[in-house]
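As a plain string of letters, each chain reads:
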Amino acid sequence: MGNKQTIFTPEQLDAYQDNPFRQRIAEVFSESGDGNMTLDDFLDMFSVLSEMAPRDLKAYYAFKIYDFNNDDYICKSDLEKTVNKLTRNELTPEEVSLACEKVIYEADLDNDGKLSLEDFQHMIIRAPDFLSTFHIRI
Amino acid sequence: MAVLELSLLRYVKLFSKDLALINDDTMLHFFGKRIEVNNEEDSAAENQENDRGVDKERKRAKPRTRRGHGRGRARHGGEEDGDDEDGTRRAGQRRQRNRRGRGRAGNEGSDSEGDPTKARKNQANQKSKEDDEQEEDEKGGKSGKGKNEKKQDKKVDKKGKKEKANKKKKDKKKSGSGSGSDSEEEPITEEELAKLKEEVEEKKKLIATLRNKPWKMKKKLSVLKYEAQLFVEKFEGALGKGKGKKFYAYKVMMTKKWMKFQRDFENFKTACIPWEMKIKEIESHFGSSVASYFIFLRWMYGINMILFGLTFGLVMIPEALMGKPYGSLPRKTVPRAEEATAMNFATLWDFSGFAQYSVLFYGYYNNQRTIGWLKFRMPLSYFLVGVGTIGYSFMIVIRTMARNANEEGGGDDTSFNFSWKMFTSWDYLIGNPETADNKFASITTSFKEAIVEEQESRKEENIHLTRFLRVLANFLALCTLAGSGYLIFFVVRRSQKFALEGLENYGWWERNEVNMVMSLLGMFCPTLFDVISSLENYHPRIALRWQLGRIFALFLGNLYTFIIALMDEINLKLEEEKIVKYNMTIWEASLYNGTIPENSTAPPIQVDPADVPRGPCWETMVGQEFVRLTVSDTMTTYITILIGDFLRAVFVRFFNYCWCWDLEYGFPSYSEFDISGNVLGLIFNQGMIWMGSFYAPCLPAINVFRLHTSMYLQCWAVMCCNVPQERVFKASRSNNFYMAMLLFILFLSTLPAVYTIVSIPPSFDCGPFSGKTRMFEVISETLEHDFPSWFGKVFGYASNPGLILPFILLMVLSIYYLNATSKSYKEANLELKKKLQSMRQKKKEIVK
């Protein structure tokens, strides 16, 4: 009705999809792991990303989102993928690897070269803006 | 009622605070009918109360999953059957016992959380089906419905839920199924009440922690339903107070509305900050150091607005409204000689002609003690506004410095710098493509800045070589500064000599020598300093500070020449005054030429004010100089931006195709934003304003206009023609370095103004202080006339040196004491930080 466009071309749709982690979010919250969500999964996602969700819960799901290869550890390749998604590949490879090394140096407590859930939680709990950025307002 | 819609509503109500704003009207809108969707507990309660029979049967059919229930029921099975058959008043009591039993069983049931999810799912679906039937039954419009509906409007938060649930249970008990209503009036013993409360607390805890568990939604909901049911059963037994319910509902609604209002107000306040989006955009693309210039500019704009308000409201407007109009006094009229050119654009641009003889400048103001019917004390106001602008500026600069120092001292936890940048920098709330672009750019810039910091800290330094180089660089810089200082001094000397001998004898170069030398120095010395600083190999932020400091010293020379020139002109005018005074007596005598003898009083001859010979007005001249300087400064900046940045960018972009070498990467390439030049320009400009606003009240207004246009022009120019620097570095969080320079300039600018106020006599023929020997005498005059006599005495005593000196001593002592305490606090702060750091290290090692 009226002038509102209701059918979008793929290019137009792309313009609405800015979140670099959109694919990962869909994968994490879908029961089947392929990105398709049932209503329950959908609600789960909004529940975790809402204002009221507690920090620990958000940290748990954030860890899953950033773990690209689903091996329950955030390893260097996961970190590199994250940085590249965040900066849209604008950093040079040296800069990327420097950043990843620093992250592992800072957050890895058990010295295995990758971040486990405990390391991640220990680090993210102290972050001042974690709650405000990892949050979708409906 | 579709299962899907109902479950959806329930789920979202439970877990999303915002969505719980869904009330009856929302439901009407979405579902086309009013839905009596109560909380889980409510429906569960109704379930329990009215359809228990159905429940029991179904539950008995699934003994595996409802072990607890089944057991409980089996235990009290006999009793219950008996109860049902009875349907007497005592049914309620027995029901309580049953429920308590079931509750205990429920506790065991809660341990059986390891049950397969599927069974729970079935249970959940079953429940919802039961609830459906429940809803339909209840639509029969029971008496308690009204109250229920009211409660549905409330926010479902944790606490409220429990309390409401309690109250609702109690309410429902009262208004619920007819069979139950009578029996609930029976009193319960204290112990039973206490036990119930205990169990309720346990249930509450369970429900509260349910949110934190990272389970799938289905699991959470089924557990919740299960717990909620039991919870409700528990509470059914206790009597509650029905009073205060309405008030509570009202209170909750008001709280909800208040929170929404607060959030909207915060959004509004943020939206009111001018130019915030522009600055954020620049920050994303160019880094925080470039953005710090614009933030500084915005802050200056605020100060200038206040100064403008003071001068405009308290000096210009009263004079314009209540003072004598143009043309009534000699000082307010354009002299006959200048009348012909008074309205020309060239004259107006030069701020002579009509512009000079208006409220814009000092000379227009009359020295009447009070003007208008309000008896507004114009000279006093003029003086106080002049002092007040300086005082206000001091206060605000120091306050900002103090606040920034506080923030800096707070310190940031840098132990997880990169990790936080990586995992918390993306804002999931962004839904706009442009904002997302900015955010990507800002994240990239922030990473680059952090990497620069890291690289700087990792740099290996050959200490001796670096020190030697730095000493060398400083020596060179000092030489340059000394050389330029001497050059300026020499040139000014020469120009004074020329002026004495009459400027007509010399050519263009001699006449404009000072200006030319200043401009040339201003063009070449900063580049020289830039080259020198590459020797020093500092962190970019520190290098910027050195650069700023050196150029600042250079521009002080600029200031020096300007002041000297002004002082010379003032002295000239003062000399002229004596001559003019003498001439005026002659002229007056010639008016009365031969008509009346000298000593008798005569009616004053009407002479057109334009024809009266005028005394020189050095204050207006000073004001005009400042205004001209500001205007020419503005023009120079704008033209430099347009030519230096814009035309250069156009040239590089469009001629790149037909040029031998790559214009974009080689010479000239796109320009970078010159932070130091712009910041210093801003600071010196403000210094001029402070110096000149006493003599030209229009100056703050001109500056406000200038800053406003400058903001837009520079924002556009930066985004359009400049490229970010190679090494983007993070600006220091506070602007304290800029503030310190500003404070220094403010101090320097007050000196000339104060000197002229205190030691130079005001012109006899213009301005609000004409006729007095010193400008500050207006204060004593006010004390005499306007204050009661004892005030004057008190003031006299207070200004006694015997009182002033001890007061100064006291202030010095208190400054010393406060300094000492602040030092000790800083040290304590550092110690604590170190302790924290070492504790964290220990923790890390322990975990390892």
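Going along each chain's sequence as written, the residues are numbered from 1 onward. To read the labels, note that chains go from A and ligands from 1, taken in the order they are written. Per-residue local features are limited, in this predicted model, to residues with pLDDT of at least 70; the limit for side-chain atom pairs, both in listing and counting, is 80 or more; totals at the level of whole chains, interfaces and linings are taken over all residues. As a rule here, side-chain values come from all non-hydrogen atoms in the structure, and water together with hydrogens is ignored.

Chain B is annotated in an unreviewed UniProt entry as Transmembrane channel-like protein from Chrysolophus pictus.

Per an unreviewed UniProt entry, chain A goes by the name Calcium and integrin binding family member 3 and belongs to Chrysolophus pictus.

Caption draft 1: Fine view of the packing of aromatic side chains. Only centres within 6.5 Å qualify two rings of Phe, Tyr or Trp (six-membered ring in Trp) as a pair; their planes then separate them into stacked at under 30 degrees, edge-to-face at over 60, and tilted for everything else. Considering all chains together, one arrives at 45 aromatic pairs over all chains under this definition. Measuring from ring centre to ring centre gives 5.8 Å for Phe416(B) and Trp420(B), while their planes differ by 45 degrees; the resulting arrangement is tilted. For Trp420(B), a relative accessible area of 12% translates into the label buried. Both rings, one in Trp790(B) and one in Phe791(B), keep their centres 5.4 Å apart while their planes meet at 55 degrees; by these two values the pair is tilted. One aromatic cluster is present, built from ring pairs that chain together Tyr362(B), Tyr364(B), Tyr365(B), Tyr382(B), Phe383(B), Trp618(B), Phe694(B), Tyr695(B) and Phe769(B). In this scheme, Lys NZ or Arg CZ marks a charge over a ring once it lies within 6 Å of the ring centre and within 35 degrees of the ring normal. Lying across the ring of Phe68(A), Arg24(A) places its NZ or CZ 5.6 Å from the centre. Working definition: with a 1.4 Å probe on protein chains only, accessible area under 20% of the residue-type maximum means buried, over 50% means exposed, and in between means partly exposed.

Caption draft 2: The arrangement of the state of the cysteines in detail. All names here are of chain B. Criterion for a disulfide: a pair of cysteine sulfur atoms within 2.5 Å. Tallying each qualifying case throughout the model produces one disulfide over all chains. Shown here is the disulfide that connects Cys-617 with Cys-766, its sulfur atoms set 1.7 Å apart. On the sign convention where negative means left-handed, the S-S torsion of about 90 degrees between Cys-617 and Cys-766 marks this disulfide as right-handed. Of the two residues, Cys-617 is situated in the loop between α22 (540-591) and α23 (618-655) and Cys-766 in the loop between α26 (736-759) and α27 (777-786); the sequence distance between them amounts to 149 residues. Look at Cys-766 and you get buried, because its relative accessible area is 1%. Counting from the N terminus, the helices are DSSP H or I runs at least four residues long and the strands are E runs at least two residues long.

Caption draft 3: How the structure looks around the confidence of the model for chain A. On a range of 0 to 100, pLDDT expresses the predictor's confidence in each residue. Here chain A averages 82 in pLDDT, while 86% of its residues score no lower than 70. Here helix α1 (residues 10-16) of chain A stands out as the element of chain A with the lowest mean pLDDT, 59, in contrast to helix α5 (residues 76-87) of chain A, whose mean of 89 is the highest.

Caption draft 4: The arrangement of the UniProt feature "domain: EF-hand" (unreviewed entry) in chain A in detail. Cross-referencing UniProt, the feature "domain: EF-hand" (unreviewed entry) maps to residues 54-89 and 95-130 of chain A in the present numbering. Taken as a whole, residues 95-130 of chain A contains 64% helix and 0% strand, while its terminal C-alpha atoms sit 24 Å from one another. UniProt positions are given in the numbering used here, feature names are shortened, and annotations may be inferred rather than shown by experiment.

Caption draft 5: Focus on the environment of Thr480(B). Residues and elements named next belong to chain B. Position of Thr-480 among the secondary structure elements: in helix α19 (residues 463-501). Placed 48 residues apart in sequence, Thr-480 and Leu-528 show a C-alpha to C-alpha distance of 8.7 Å. The contact rule is simple, with two residues in contact once any of their heavy atoms fall within 4.5 Å. Setting aside chain neighbours within four positions, we find Thr-480 in contact with Cys-525, Leu-528, Phe-529 and Ile-532.

Caption draft 6: A look at unusual backbone geometry. Residues and elements named next belong to chain B. One non-glycine residue with positive phi stands out, namely Trp-275, at about 60 degrees. You can call Trp-275 buried: its relative accessible area is 12%. Non-glycine residue Phe-351 carries a positive phi angle of around 60 degrees.

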